[in-house]
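So you can see what is in the structure, the chains are spelled out below.
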Amino acid sequence: MYITPIKYNPLPYPLSHSSSLLLNAHCHLFNCPSLDKLLEDDNRIYISNALDENELNHHLLIKKSNFFISTGQHPLYPKDTIKDSLLIKLLDDNKIYAVGEIGFDKRNKNLQSQISTFLNQVDIANQYEKPVIIHCVGHYYELFNLLKKNFKKVLIILHAFNSSIEVINMLNEFNIVFSIHNKILKMKKARYILHEIISNHRFVFETDTGIKNEHDITLTISNIADFMGVEPEKLLNGGRTQT
Ligand SMILES: [Zn+2]
């Protein structure tokens, strides 16, 4: 597989350094037993998601330059866990890197409330010029239509992408970064989908909840590299977002 680097608009740090630093673009470190040890290595960077105020308060106490926080109303969990007013306060105080994970999940049958929560929280992120981390299980067309109508420019980190090449092509018109999780390898057309994502050069890797709460991003990267038949370094360099 041959990857040609091409130029894209610069992304904010640490997304801009996902090839030179080991960035875990979406993880949940609240319950991670080896958290202190993970954060000792400055060459590894984490964007950790807080799902509720308890997790958020834990995250806010961590003062490490390689630890970034995202928070927002997850579509599968009880309503108003992270209220809009709290998000605004966090953004005013510059406490979080991104708004998310927010979005859609077909297992939650109340689509209307997911839409209104999503629109409010993307609007807040947009006003503060922060990225949004999107969780999307089903409902990709709703996501596309809402973004197209309301938020064409917001920077999207689409976490654990698991849909089709058609959906990738549809979403590529946005300011989007695809976040790759190991579970993509379980998809039937994983090779084609990964090839499409990698050829567009806007991708990062993640562990999400981790395997037994472990969050070694090098495992994800080497699994994907093995599967695609490339060296991990080459895979990372192909993903360079600035040239
Ligand atoms: Zn997650």
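One can find the structure itself at the top, above this paragraph.
Residues numbered from 1 in each chain as written. Predicted model: local features only at pLDDT ≥ 70, side-chain atom pairs only at ≥ 80, totals over all residues.

Things to note about the pairing of strand E5 (residues 132–137)
No. 1: The buried fraction of E5 is high, at five of six residues.
No. 2: Note that strand E4 (residues 98–105) and E5 share six bridges and pair parallel. In the strand pairing of E5, Ile102 is matched with Ile134.
No. 3: Tracing the backbone out of E4, into helix H4 (residues 111–127) and back to the parallel element E5 gives a crossover that is right-handed.
No. 4: Judged from the three bridges that link them, E5 and strand E6 (residues 156–158) form a sheet pairing that is parallel. Each bridged residue has a counterpart across the sheet, and for Ile133 the counterpart in E6 is Ile157.
No. 5: In the classification by handedness, the crossover that spans E5, the intervening helix H5 (residues 140–150) and the parallel E6 is right-handed. (Buried ≥ 20, exposed ≤ 12 C-beta atoms within 10 Å, placed from the backbone. Helix = DSSP H or I, 4+ residues; strand = E, 2+ residues; numbered from the N terminus. Pairing = 2+ DSSP bridges. Right-handed = clockwise from strand over helix to strand, strands pointing away.)

Re the environment of Ser65
No. 1: Its location among the elements puts Ser65 in the loop between helix H2 (53–60) and strand E3 (67–71).
No. 2: A sequence separation of 67 residues divides Ser65 from Val132, and the C-alpha atoms of the two residues are 20 Å apart.

Some details on the pairing of strand E7 (residues 176–180)
In summary, the side chains of a regular strand alternate between the two faces of the sheet.
No. 1: Within E7, five of the five residues are buried, which leaves the element mostly enclosed by the surrounding structure.
No. 2: Covered by surrounding structure in E7 are Ile176, Phe178 and Ile180 together with Val177 and Ser179, the residues of both alternating faces.
No. 3: Examined bridge by bridge, E6 and E7 share three bridges and lie parallel to one another. By the bridge assignment for E7, Ile157 is matched with Val177.
No. 4: Handedness of the crossover is the feature at issue here: the chain leaves E6, passes through helix H6 (residues 165–171), returns alongside E7, and the resulting connection is right-handed.
No. 5: Pairing of E7 with strand E8 (residues 203–205) involves three bridges; the strand directions are parallel. Considered in E8, the bridge of Ile180 is made with Phe205.

Focus: H4
No. 1: Here H4 is 17 residues long and its end C-alpha atoms lie 24 Å apart, about the 24 Å a rise of 1.5 Å per residue gives.
No. 2: Burial in H4 covers these residues: Gln114, Thr117, Phe118, Gln121, Val122, Ile124 and Ala125. All buried residues of H4 fall inside an arc of 155 degrees around its axis, so they share one side. Structural note: H4 exposes Gln112, Ser116 and Gln127 on the side pointing more than 90 degrees away from its buried face.
No. 3: Those residues of H4 that are buried lie in contact with helix H3 (84–92), E4, E5 and H5. (Expected span 1.5 Å × (residues − 1). Arc of directions from axis to C-beta. Contact = placed C-beta atoms within 7 Å.)

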